Amino acid sequence: MGRSWGLASACGACSAPLDIGSSTCIECGSPTFPASRRVVCLLFADLSGYTRYCEERDVEEVHLAVRPLMNSLRRICERLGGAVPGIQGDGFMAVFGALETKDDDAQRCVLAAVQMHEVVLERRAALRGELPELRVGLHIGEVLVAPSWEQTGFSVSGDAVNVASRLCTAAAASSVLASETFADLVPLSEWSDSWEQE
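Residues numbered from 1 in each chain as written. Predicted model: local features only at pLDDT ≥ 70, side-chain atom pairs only at ≥ 80, totals over all residues. Heavy atoms only, no water.

Chemist: Would you mind going over the nonpolar core with me for this structure?
Modeler: The tendency in soluble globular proteins is for nonpolar side chains to be buried side by side. Grouped together as the largest cluster of nonpolar side chains are 37 residues, with contacts concentrated most on Leu43, Leu73, Cys77, Phe92, Met116, Leu138 and Phe182. Elements supplying a minimum of two residues to this core: β1 (36-48), α1 (50-55), α2 (59-79), β3 (91-96), α3 (105-126), β4 (133-147) and β6 (175-178). What Phe182 contacts, discounting residues up to four positions off in sequence, is Cys41, Ala106, Cys109, Val110, Leu138, His139 and Ile140. Ranked by size, the runner-up nonpolar core spans 15 residues in total, among them Val40, Phe44, Met93 and Val143. (Core = buried A, V, L, I, M, F, W, Y, C linked by side-chain atoms within 4.5 Å. Buried < 20%, exposed > 50% of the residue type's maximum accessible area, 1.4 Å probe, protein only. Helix = DSSP H or I, 4+ residues; strand = E, 2+ residues; numbered from the N terminus. Contact = heavy atoms within 4.5 Å.)

Chemist: Just checking my understanding: could you explain the side chain of Arg57 for this structure?
Modeler: Mapped onto the fold, Arg57 is located in the loop between α1 and α2. For Arg57, a relative accessible area of 18% translates into the label buried. A polar atom in the side chain of Arg57 sits 3.3 Å from the backbone oxygen of Tyr53. For Arg57, the contacting residues outside a window of four places in its chain are Val62 and Glu130. (Polar contact = N/O pair within 3.5 Å; in protein donor to acceptor, adjacent residues only side chain to side chain.)

Chemist: Could you clarify how one ought to interpret the side chain of His139 in this entry?
Modeler: You can see His139 is positioned in strand β4. In terms of polar contacts, His139 uses its side chain to reach the side chain of Ser179, at 2.7 Å. Residues within four places of His139 in sequence aside, it is in contact with Val40, Cys41, Leu42, Ala160, Val163, Ala164, Leu167, Ser179, Thr181 and Phe182.

Chemist: What exactly am I supposed to notice about the packing of α2 against α3 here?
Modeler: Two packed helices can be described by the angle between their axes and the distance between those axes. Running from amino to carboxyl end, α2 crosses α3 at an angle of 155 degrees, the nearest separation of the two axes being 9 Å. By the angle class used here, α2 and α3 are roughly antiparallel. The element α2 and its partner α3 pack so that their crossing is right-handed. For the pair formed by α2 and α3, the contact residues are Pro68, Leu69, Ser72, Leu73, Ile76, Cys77 and Arg79 on the first element and Ala112, Gln115, Met116, Val119, Val120 and Arg123 on the second. When its residues are assigned to classes, the contact of α2 with α3 shows nine nonpolar, two polar and two charged. (Axes fitted to C-alpha atoms, helices over the stretch in contact; angles between N-to-C directions. Parallel < 35°, antiparallel > 145°, perpendicular 65-115°, else oblique. Left-handed = near helix turned anticlockwise from the far one by under 90°. Nonpolar A, V, L, I, M, F, W, Y, C, P; charged D, E, K, R; others polar.)

Chemist: Help me out: how do you make sense of the pairing of strand β5 (residues 154-157) in this one?
Modeler: Put simply, side chains in a regular strand alternate between the two faces of the sheet. Of the two faces of β5, only one is covered, namely that formed by Phe154 and Val156; the face formed by Ser155 and Ser157 stays uncovered. Note that β4 and β5 share four bridges and pair antiparallel. Looking at β5, one finds that Val145 is bridged to Val156. Adjacent in sequence and paired antiparallel, β4 and β5 are bridged by six residues, among which Gly153 carries a positive phi angle near 90 degrees. (Pairing = 2+ DSSP bridges.)

Chemist: What exactly am I supposed to notice about the pattern of salt bridges here?
Modeler: One side chain can pair with another of opposite charge once the charged atoms of both are near each other. In this structure the tally under the stated criterion is nine salt bridges. Note that Asp105 and Arg108 form a salt bridge whose closest N and O atoms lie 2.2 Å from each other. Taken together, the residues span about one helical turn, with Asp105 and Arg108 both in helix α3 at a distance of three residues. Looking at Asp105, the relative accessible area reads 5%, which means it is buried. Among the residues examined, Arg108 registers a relative accessible area of 12% and is labelled buried. Each of the salt bridges in this network shares a partner with another, and the network as a whole consists of Arg52, Glu56, Arg57, Glu61 and Glu130. (Salt bridge = Lys/Arg side-chain N within 4 Å of Asp/Glu carboxyl O.)

Chemist: Is there a simple way to think about the pairing of β4 in this case?
Modeler: Across the 15 residues that make up β4, a large majority, 12, are buried. Bridging between β4 and β6 involves four bridges; their strand directions are parallel. Paired with Arg135 across the strands is Ser175, a residue of β6.

Structural data, given as structure tokens:
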């Protein structure tokens, strides 16, 4: 389950003093659980060609096309047990196993990628291709989970996060790129011939 530290005397999100035994900070409402090391499955997703897409369109048109799509993709991850700290423009990170590890975290992470691609393909078809394609990076590794201001109430940091982000950036449009570590758990060839392993 990883190593944990003792209960902090100050909120990890806003640094306010904590009452002994309190489960949330009275100042900011953030959870007060101690930071811990955990092995998690990470999914990074963004839209390939998003910068050019924005350059060629009005900002309101971009917002109306992209923001609802990002919300739909986030809900897919959350429905499958992933936590999404936040959406930044055309992409986000989903974490499976941040607070509770499940035996099928990796499988649910892949299933999220499958369903996300299906949604984007449907939306692109409806808009006659007038929407960037999705790309996804998958990785598994050790991170530090700590209380924070994020929507989920915690942040995730560590080199594994950087690796997953780089995999997403390196992935081709309409594809998934997984690290060797992740693919050893869930062979991507079982899901799609177009998906890749680093």
